[in-house]
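Examining the three-dimensional arrangement
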Amino acid sequence: MSSIIAGIKIPDSALAMATTEYIRDVESDLLFHHSRRVFLFGALSGERKQLAYDPELLYVGAMFHDLGLVEGHRSDDERFEVDSANAAKAFLKPYGLSDDDIEQVWLSIALHTTPGVPQHLRPNVALVTAGVEMDVLGIDYAAFSTVQREAVVHAHPRGEGFKECILCAFANGFKHKPDSTFGTVNADVLVDSEPGFKPMNFVEIIRKSPWIS
């Protein structure tokens with residue numbers, strides 16, 4: 001597999017290679033290839049917008065962003081994004097990164113399903129979300145050339161059933177802790193996949209709080 005895809009070089013530092021090996025071993029083909037596409041689309045977004053991002057940190061964030069969906073890496077009560085971010089933080093500690101770098105990776109993962117916020121933060125945070133939004137939602141699809149899209153998908157295929165398969169991976173990753181989806185896009189996934197699921201309602205929680213008025 002080429003180390004340059006759509007003009008983007010896959011990071012090959014010791015940390016990046018360890019990240020690739022680790023994620024390849026624990027994630028399904030679906031999530032691994034999705035995560036690589038997230039890096040590539042995120043990096044392409046960064047190049048197009050002329051953002052000063054760190055490819056290595058972006059790579060780690062992209063590769064770890066869905067780990068919290070995987071059995072053995074998901075908690076009983078935290079949002080899956082937080083599980084993923086915590087796993088990345090623990091993985092990074094032996095590599096001597098600064099607290100600031102680790103925090104950027106943590107935020108890039110923890111906020112990747114929180115619309116409207118990451119794009120206002122630093123590039124390494126914003127671009128993980130940009131990559132996710134492109135690969136899952138098709139946001140800014142037309143901003144990528146046909147050549148870029150085809151190169152990325154050729155290297156890391158989506159497969160014909162990616163849309164439904166990724167929805168299934170989401171649901172399986174957090175259906176055991178439905179309350180963790182409160183206030184997030186993940187609640188929509190459970191409404192679609194779990195018969196009888198009724199998400200918590202923010203308005204009802206306010207009205208039923210113990211305050212008198």
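Residues numbered from 1 in each chain as written. Predicted model: local features only at pLDDT ≥ 70, side-chain atom pairs only at ≥ 80, totals over all residues. Heavy atoms only, no water.

Per an unreviewed UniProt entry, the recorded name for the chain is HD domain-containing protein, and the organism is Pseudomonas wuhanensis.

**Some points on a nonpolar patch on the surface**
A cluster of nonpolar side chains, namely Phe182, Met200, Phe202, Val203, Ile205 and Ile206, defines an oily patch on the protein surface of about 540 Å² accessible area. Secondary-structure assignment places Met200 in the loop between α9 (186-193) and α10 (202-207). The exposure class assigned to Met200 is partly exposed, which follows from its relative accessible area of 39%. (Patch = residues over 30% accessible without salt bridge, like charges linked within 9 Å, V, L, I, M, F, W, Y side chains within 5 Å. Areas by Shrake-Rupley, 256 points an atom, 1.4 Å probe, with all protein chains shown as cover. Salt bridge = Lys/Arg side-chain N within 4 Å of Asp/Glu carboxyl O. Helix = DSSP H or I, 4+ residues; strand = E, 2+ residues; numbered from the N terminus. Buried < 20%, exposed > 50% of the residue type's maximum accessible area, 1.4 Å probe, protein only.)

**A closer look at the packing of helix α5 (residues 99-110) against helix α6 (residues 123-137)**
Following both chains from N to C, one finds α5 and α6 inclined at 25°, their axes separated by 8 Å at the closest point. Between α5 and α6, the angle falls in the class roughly parallel. Of the two possible hands of crossing, α5 and α6 adopt the one that is right-handed. Between α5 and α6, the residues in contact are Gln104, Leu107 and Ser108 and Asn124, Val125 and Val128, respectively. (Axes fitted to C-alpha atoms, helices over the stretch in contact; angles between N-to-C directions. Parallel < 35°, antiparallel > 145°, perpendicular 65-115°, else oblique. Left-handed = near helix turned anticlockwise from the far one by under 90°. Contact = heavy atoms within 4.5 Å.)

**Re the UniProt feature "domain: HD" (unreviewed entry) in the chain**
UniProt's entry tags residues 32-117 with the feature "domain: HD" (unreviewed entry), counted in the numbering of this structure. Secondary structure over residues 32-117 splits into 60% helix and 0% strand, and the C-alpha atoms at its two ends are 25 Å apart. (UniProt positions renumbered as here; feature names shortened; annotations may be inferred.)

**Focus: the layout of surface pockets**
The volume enclosed by the largest pocket comes to roughly 420 Å³. Around the largest pocket, the lining is made up of 21 residues, and of these Thr113, Val136, Leu137, Phe170 and Val185 lie nearest the centre. Those elements giving two or more residues to the lining of the largest pocket turn out to be α6, α8 (162-174) and α9. By residue number, the principal contributor to the lining of the largest pocket is α6, which donates five residues. The class makeup of the residues in the lining of the largest pocket is 11 nonpolar, six polar and four charged. (1 Å grid on protein atoms, 1.4 Å probe; cavity = no way out; pocket = protein on both sides within 12 Å on 5 of 7 lines; lining within 4 Å. Points joined across faces, edges and corners; volume = space filled by probe spheres on them. Nonpolar A, V, L, I, M, F, W, Y, C, P; charged D, E, K, R; others polar.)

**Thoughts on the environment of Ser28**
Its place among the elements puts Ser28 in the loop between α1 (14-26) and α2 (29-48). For the pair Ser28 and Val70, spaced 42 residues apart in sequence, the C-alpha to C-alpha distance is 8.6 Å. Among the polar contacts made by the side chain of Ser28, one reaches the main-chain amide nitrogen of Leu31 at a distance of 3.2 Å. (Polar contact = N/O pair within 3.5 Å; in protein donor to acceptor, adjacent residues only side chain to side chain.)

**Examining the packing of aromatic side chains**
Geometry of an aromatic ring pair is reported as the spacing of the ring centres plus the angle between the planes. Per the stated rule, a full pass over the model turns up eight aromatic pairs. Centroid distance Tyr22 to Phe91: 5.3 Å. Interplanar angle 35°. Geometry classified as tilted. Here Tyr22, found in helix α1, pairs with Phe91, found in helix α4 (residues 80-92); they are 69 residues apart in sequence, far enough to count as distant. With a centroid separation of 5.3 Å and an interplanar angle of 70°, the aromatic rings of Phe41 and Phe144 are classed as edge-to-face. Residue Phe41 is located in helix α2, and its partner Phe144 is located in the loop between α6 and α7 (146-155); the two are separated by 103 residues in the primary sequence. Considered together, Phe41 and Phe144 belong to a single accessibility category, that of buried residues. Between the NZ or CZ atom of Arg24 and the centre of the ring of Phe32, over which it lies, the distance is 4.4 Å. (Phe/Tyr/Trp six-rings, centres within 6.5 Å; stacked < 30°, edge-to-face > 60°. Lys NZ or Arg CZ within 6 Å of the ring centre and 35° of its normal.)

**So, helix α3 (residues 55-64)**
In terms of burial, α3 is a largely internal element, eight of the 10 residues being buried. Looking at α3, one finds that the buried residues are Leu57, Leu58, Tyr59, Val60, Gly61, Ala62, Met63 and Phe64. The elements touched by buried residues of α3 are α1, α2, α4, α5 and α6. The N-terminus of α3 is capped by Asp54, whose side-chain oxygen sits 2.9 Å from the backbone nitrogen of Glu56.

**With respect to the packing of α2 against α3**
Packed helices, taken two at a time, are described by the angle their axes make and the gap between the axes. As a packed pair, α2 and α3 sit with axes 8 Å apart at the nearest point and diverge in direction by 145°. As for how α2 packs across α3, the hand of that crossing is right-handed. Taking contact as the criterion, the partners of Phe32, Ser35, Arg36, Val38, Phe39, Gly42 and Ala43 in α2 are, on α3, Pro55, Leu58, Tyr59, Ala62 and Met63.

**A short note on the side chain of Ser35**
Inspection of the secondary structure puts Ser35 in helix α2. With a relative accessible area of 0%, Ser35 lands in the buried category. At a separation of 2.9 Å, a polar atom in the side chain of Ser35 contacts the main-chain carbonyl oxygen of Leu31. Sequence-distant contacts of Ser35, defined by excluding residues within four places in its chain, comprise Glu27, Ala62, Met63 and His65.

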